[in-house]
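Architecture and fold: a report
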Amino acid sequence: KGTVSFKAPDTTHSGATLSGTLQYTLFIDDMAAAHGTVEAGQSTSCAVTVSTTGLHDVHIVLSNDKGEGDRATLRNIYIGKDTPSGVESVVLDKGTAPDELVLTWDAPSKDVHGGYVDLAAVKYIVKRMPDDVVVSTHATSPFRDTFRPDVPTMCFYDVTPYIDEESKGLPMSSNKLLVGKPFEVPYAENFSTNQRVFCYAIEDANADGTTWEYLYEYGYMRISSGDKEKDDWLFTPFIAVKKDKTYKLSFDVRSIAVETIEVKYGIHPMASAMTEALLPVTSVDTDYDWKRLEQTFTATSDAPLFIGFHACNTDVAAGHSLYIDNVKVEEVASTGMEYAKKSQNCRVENGQLTVTGSHAIDTRIYRADGTMLFSGILRPGNVLSLPRGLVIVRVADEVAKLIVE
């Protein structure tokens, strides 16, 4: 039910002033639905009722003793009970409690077709994916859910507004978050199965539409050149590590033309969270051949980490494509605080380096990233305390990597 309003003309076809009472007939889909009178130049409205919900055409014809005027038409007007439009700004984030997820959205502000809908009566169905479970049929924003699968899983939610079974809006999806139990070390990924590859995240930081892609038929990741300098990240799923333990990252890389890559890690799969450097900016020019790159690092906390591979070539003309395969993270075995080979000049035990020979020796200590910690002459009996983690010790002509616990 509703009303149709219109204004009667105040001129004739010849341009003369029109006056007097006019008759009108209102048609819905070419069927007469209402009759009445209106004075020339005046506005009026009449009540109408249609029997079916959907799109309708409305026509009005006016007449006087000279005959009928032209037909006025409104086409494809939606009449009847409508459905709410989809929700907006659906955002999934991690909560403050372990395994808690928080979903927020903005309520629909209109209907889909321009018909009637009571927005105050809208309810929401929330479905969790990919396990395809309806977790609520009367959800409100913010909505909290607890979810911890046994394996790392990309999780997202669909939010569907509805009033009843006949009035449902379209489901709108949230962003995706990696949840579940982190991968353990040793971790290895050869990009042979879709399920594990889908746990990787990609950030097209330069927003050029050209970024990392999974070539499933070959089993590796690739990024080709676009119109801009490369600024694209490929993030592993989270990997469980222990603070002060030392690990080795290794991966295969190849290029067509000259490319550039750096590797960092952080506690979130996003460029802004990549706080720890692993591999400095490195040129890759393998001419289609695969090359193995390795880097050792010591975890700075117990928080699961995400490793980010950053394609960062700035010479668009010189570059073409960069490939990654066979990503591995392994724990570096402890040495028990002894040299990997027997030293004639000193020993390392309980985190301390002691000069054991009969002569003063030139000694230098470095961190794994190359930062010099000590440089000087040590004499027999001198003791030097070493920091925890991986250190590089150079004593006289001996060089060794040591794990200090």
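What counts, and at which threshold
Residues numbered from 1 in each chain as written. Predicted model: local features only at pLDDT ≥ 70, side-chain atom pairs only at ≥ 80, totals over all residues. Heavy atoms only, no water. Salt bridge = Lys/Arg side-chain N within 4 Å of Asp/Glu carboxyl O. Helix = DSSP H or I, 4+ residues; strand = E, 2+ residues; numbered from the N terminus. Buried < 20%, exposed > 50% of the residue type's maximum accessible area, 1.4 Å probe, protein only. Pairing = 2+ DSSP bridges. Axes fitted to C-alpha atoms, helices over the stretch in contact; angles between N-to-C directions. Phe/Tyr/Trp six-rings, centres within 6.5 Å; stacked < 30°, edge-to-face > 60°. Lys NZ or Arg CZ within 6 Å of the ring centre and 35° of its normal. Contact = heavy atoms within 4.5 Å.

1. Overview of the pattern of salt bridges
One pass over the full model with this rule turns up 17 salt bridges. With a closest N to O distance of 3.0 Å, Glu259 and Lys230 form a salt bridge. Of the two residues, Glu259 is situated in strand S23 (residues 259–266) and Lys230 in the loop between strand S20 (220–224) and strand S21 (232–235); the sequence distance between them amounts to 29 residues. Owing to a relative accessible area of 0%, Glu259 belongs among the buried residues under this scheme. The exposure class of Lys230 is buried, given its relative accessible area of 7%. Each of the salt bridges in this network shares a partner with another, and the network as a whole consists of Arg128, Asp131 and Asp145.

2. Some points on the sheet that holds strand S9 (residues 100–106)
In spatial order, the strands read S8-S9-S12; together these three strands make up an open sheet with antiparallel pairing. In the strand order of this sheet, the two ends are held by strand S8 (88–94) and strand S12 (143–146), each with one partner. Pairs of neighbouring strands in the sheet enclose a mean axial angle of 20°, with direction left out of account. Summarising the sheet, S8 and S9 pair through five bridges and their orientation is antiparallel. Counterpart to Leu92 in the pairing with S9 is Leu103.

3. As for the packing of aromatic side chains
The relative placement of two aromatic rings is captured by the distance of their centres and the angle of their planes. Inspection of every chain in the model, using the stated rule, returns 14 aromatic pairs. Aromatic pair Phe238 and Phe306: ring centres 5.6 Å apart, planes at 35°, arrangement tilted. Of this pair, Phe238 sits in the loop between S21 and strand S22 (246–256) while Phe306 sits in strand S26 (residues 306–311), placing them 68 residues apart in sequence. Looking at Phe238, the relative accessible area reads 5%, which means it is buried. Owing to a relative accessible area of 5%, Phe306 belongs among the buried residues under this scheme. By way of ring pairs, the aromatic residues Tyr218, Tyr220, Trp290 and Tyr323 are connected into one cluster. Above the face of the Tyr323 ring, Arg254 is positioned so that its terminal group lies 4.3 Å from the ring centre.

4. Some points on the sheet that holds strand S31 (residues 372–378)
The strand order across the open sheet built from four strands is S31-S30-S33-S34, with neighbouring strands paired in antiparallel fashion. Lying at the two open borders of the sheet, with one neighbouring strand each, are S31 and strand S34 (398–404). Taking the axes of each pair of neighbouring strands and ignoring which way they run, one obtains an average angle of 20° across the sheet. Sheet topology note: the strand S30 (residues 361–367)/strand S33 (residues 389–395) ladder contains five bridges and is antiparallel. Paired with Thr363 across the strands is Val395, a residue of S33.

5. Let's talk about the side chain of Thr354
By secondary structure assignment, the location of Thr354 is in strand S29 (residues 352–355). Here Thr354 is in contact with Asn345, Cys346, Arg347, Asn382 and Val383, once residues within four sequence places are set aside.

6. Brief notes about the environment of Ser51
Inspection of the secondary structure puts Ser51 in the loop between strand S4 (43–48) and strand S5 (54–64). Of the residues examined, Ser51 reaches a relative accessible area of 76% and is grouped as exposed. Distance from Ser51 to Gly80, taken between C-alpha atoms, is 9.0 Å for residues 29 residues apart in sequence.

7. Describing unusual backbone geometry
Looking along the chain, the bond that leaves Met129 and enters Pro130 is cis, with omega of 15°. Tracing the backbone through its elements, the reader meets Pro130 in the loop between strand S10 (123–129) and strand S11 (133–136). The omega torsion across Ser141 and Pro142 is 5°, close enough to zero to call that bond cis. Among the structural elements, Pro142 can be located in the loop between S11 and S12. Positive phi outside glycine occurs at Asp29, with the angle close to 55°. By the element assignment, Asp29 lies in the loop between strand S2 (21–28) and strand S3 (31–39).

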